Amino acid sequence: MRIFLTGGAGMVGRNFLESPLNEGHEIFAPSSAELDLRDYDALHQYLQKTCPDYVVHCAGKVGGINANIREPVGFLVENLDIGRNVIMASKNAGVKRLLNLGSSCMYPRNYSSPLREEMILSGELEPTNEGYALAKIVAARLCDYISREDEAFQYKTLVPCNIYGRHDKFDPKNSHMVPAIIHKLHLAKQNNISEVDIWGDGHARREFLYAGDLSDCMWRALVDFEHMPQVMNVGLGMDYSVNEYYEKVAEVIGYTGHFTHDLSKPVGMKQKLVDVTKSSTWGWQAATSLQEGIALTYDFYLEKEKL
Ligand SMILES: NC(=O)C1=CN([C@@H]2O[C@H](COP(=O)(O)OP(=O)(O)OC[C@H]3O[C@@H](n4cnc5c(N)ncnc54)[C@H](OP(=O)(O)O)[C@@H]3O)[C@@H](O)[C@H]2O)C=CC1
Ligand SMILES: C[C@H]1O[C@H](OP(=O)(O)OP(=O)(O)OC[C@H]2O[C@@H](n3cnc4c(=O)[nH]c(N)nc43)[C@H](O)[C@@H]2O)[C@@H](O)[C@@H](O)C1=O
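What counts, and at which threshold
Residues numbered from 1 in each chain as written. Chains lettered and ligands numbered in written order. Predicted model: local features only at pLDDT ≥ 70, side-chain atom pairs only at ≥ 80, totals over all residues. Heavy atoms only, no water. UniProt positions renumbered as here; feature names shortened; annotations may be inferred. Near = heavy atom within 4 Å. Polar contact = N/O pair within 3.5 Å; in protein donor to acceptor, adjacent residues only side chain to side chain. Helix = DSSP H or I, 4+ residues; strand = E, 2+ residues; numbered from the N terminus. Nonpolar A, V, L, I, M, F, W, Y, C, P; charged D, E, K, R; others polar. Axes fitted to C-alpha atoms, helices over the stretch in contact; angles between N-to-C directions. Left-handed = near helix turned anticlockwise from the far one by under 90°. Contact = heavy atoms within 4.5 Å.

- As annotated in an unreviewed UniProt entry, the protein chain is GDP-L-fucose synthase from Cohaesibacter celericrescens.
- Turning to the protein chain, the UniProt record has this under Sequence similarities (unreviewed entry): "Belongs to the NAD(P)-dependent epimerase/dehydratase family. Fucose synthase subfamily."

## Re the site of ligand 1
And then number 1: Around ligand 1 sit 27 residues, and of these Val12, Ser32, Tyr132, Lys136 and Lys169 come closest.
And then number 2: At 2.5 Å from an oxygen atom of ligand 1 is found a side-chain nitrogen or oxygen belonging to Tyr132.
And then number 3: Taking Lys136, its side chain carries an N or O atom lying 2.8 Å from an oxygen atom of ligand 1.
And then number 4: Where the shell around ligand 1 is concerned, the elements lending two or more residues are helix H1 (11-18), helix H5 (130-149) and strand E6 (162-164).
And then number 5: In terms of residue class, the shell around ligand 1 is built from 14 nonpolar, nine polar and four charged.

## Structural notes on the packing of H1 against helix H7 (residues 211-223)
And then number 1: Closest axis-to-axis distance for the H1/H7 pair is 9 Å, and the angle between their directions is 65°. Relative to H7, the crossing made by H1 is right-handed. The residues of H7 that touch H1, namely those facing Met11, Val12, Asn15 and Phe16, are Ala211, Gly212, Leu214, Ser215, Met218, Trp219 and Leu222.
And then number 2: The residue inventory of the contact of H1 with H7, partitioned by class, reads eight nonpolar, three polar and no charged.

## Remarks on the side chain of Gln271
And then number 1: Note on placement: Gln271 falls in the loop between strand E12 (258-262) and helix H9 (277-282).
And then number 2: Of note is the side chain of Gln271, whose polar atom sits 2.8 Å from the side chain of Asp239.
And then number 3: Those residues in contact with Gln271, other than ones at most four positions away along the chain, are Tyr111, Ser112, Arg205, Arg206 and Asp239.

## Considering the UniProt feature "site: Important for catalytic activity" (unreviewed entry) in the protein chain
And then number 1: The sites that carry the UniProt feature "site: Important for catalytic activity" (unreviewed entry) are, in the present numbering, Ser103 and Cys105.
And then number 2: Along the polypeptide, Ser103 turns up in the loop between strand E4 (97-101) and H5.
And then number 3: Once residues lying within four places of it in the same chain are set aside, the contact partners of Ser103 are Tyr132, Lys136, Val159 and Pro160.
And then number 4: The topology assignment puts Cys105 in the loop between E4 and H5.

## Some words on the site of ligand 2
And then number 1: Around ligand 2 lies a shell of 23 residues, among which Ser103, His176, Tyr246, Val267 and Lys272 are the nearest.
And then number 2: At a separation of 3.2 Å, an oxygen atom of ligand 2 approaches a polar side-chain atom of Tyr132.
And then number 3: Take Asn162: an N or O atom from its side chain is 2.8 Å from an oxygen atom of ligand 2.
And then number 4: For the shell around ligand 2, the secondary-structure elements that each account for two or more residues are helix H3 (65-70), helix H6 (177-190) and helix H8 (242-253).

Rendered as structure tokens:
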């Protein structure tokens with residue numbers, strides 16, 4: 001397969017490229033410095049030249065709750081521009097298969113039951129990442145419409161829960177919760193700090209999938225694209241409280257201090273567990289436990305620290 005991968009320098013993209021399943025495929029993965037996806041003409045020319053069989057769209061402006069609260073304009077506009085450009089340039093260059101990455105942020109807030117794909121747009125979005133979610137919803141819907149208007153084009157969307165793993169962002173300015181906890185507890189242990197702040201009361205719940213498992217699902221989707229549902233959640237099938245994540249990371253790192261709760265910090269959605277019925281019926285499920293995933297991510301963090 002000839003594959004054009006966007007976001008190849010990011011966490012999901014690098015795990016996709018690192019996968020042993022990439023054997024025998026030709027993958028084009030320009031960085032944003034080589035090909036800025038906000039430049040439609042450059043992108044269209046690139047696709048006409050490379051003629052990929054598949055486009056895998058991982059690029060975007062991505063960050064944790066703080067980054068989304070700080071820059072709603074950038075999260076909406078950049079992801080809208082990039083999403084529209086990649087999808088429309090692919091269509092206009094005649095690329096027949098496209099795998100788009102959505103996010104569980106697309107779902108309405110205040111649902112306690114597992115979130116099913118048909119629930120997208122059925123309610124109010126979470127304000128802390130509304131801009132990002134709107135851009136993700138537009139891109140997913142654009143893929144649906146293209147596939148509906150002309151069956152020769154199959155543009156499909158995976159909707160992952162929160163992701164963590166190798167090549168994650170650990171800088172507190174932009175990081176998601178798991179990498180943020182790893183960074184905080186590592187520094188607390190190194191500097192003998194006996195107390196670490198948890199944002200909020202710690203009762204919010206999150207589902208974090210190991211990036212290597214998402215990569216495995218993406219490769220399986222390319223191999224069995226016809227049978228993949230038009231929109232499909234990708235998750236672990238279970239969630240944990242924020243407090244439990246801190247406890248699990250402390251166990252892996254060997255941090256023995258205690259935790260306080262900073263109620264001034266944003267907490268976002270109370271819960272966002274995705275329903276995994278479609279993906280398990282399709283024949284895929286996550287293989288990496290939270291314990292294993294955190295250990296592998298911490299190994300990566302330590303390797304990075306040494307550089
Ligand atoms: N991380 C998570 O928890 C989740 C992520 N997702 C989705 O997965 C996908 C990948 O996320 P993740 O790997 O974490 O994100 P990263 O921030 O790690 O990577 C994003 C990538 O997008 C590229 N990019 C950004 N802007 C541009 C641009 N203008 N032109 C070209 N490339 C650009 C960056 O390239 P460069 O580095 O060269 O600038 C970077 O490689 C995204 O679609 C995200 O919405 C979905 C659910 C959860
Ligand atoms: C992935 C998906 O979801 C993202 O939203 P989010 O899940 O709310 O992002 P988050 O991982 O940063 O927070 C998860 C929870 O964790 C709590 N929390 C505790 N302590 C820390 C902490 O130290 N840092 C952070 N970031 N969160 C903390 C925090 O209060 C919140 O309750 C979108 O940004 C968007 O990227 C998107 O698509």
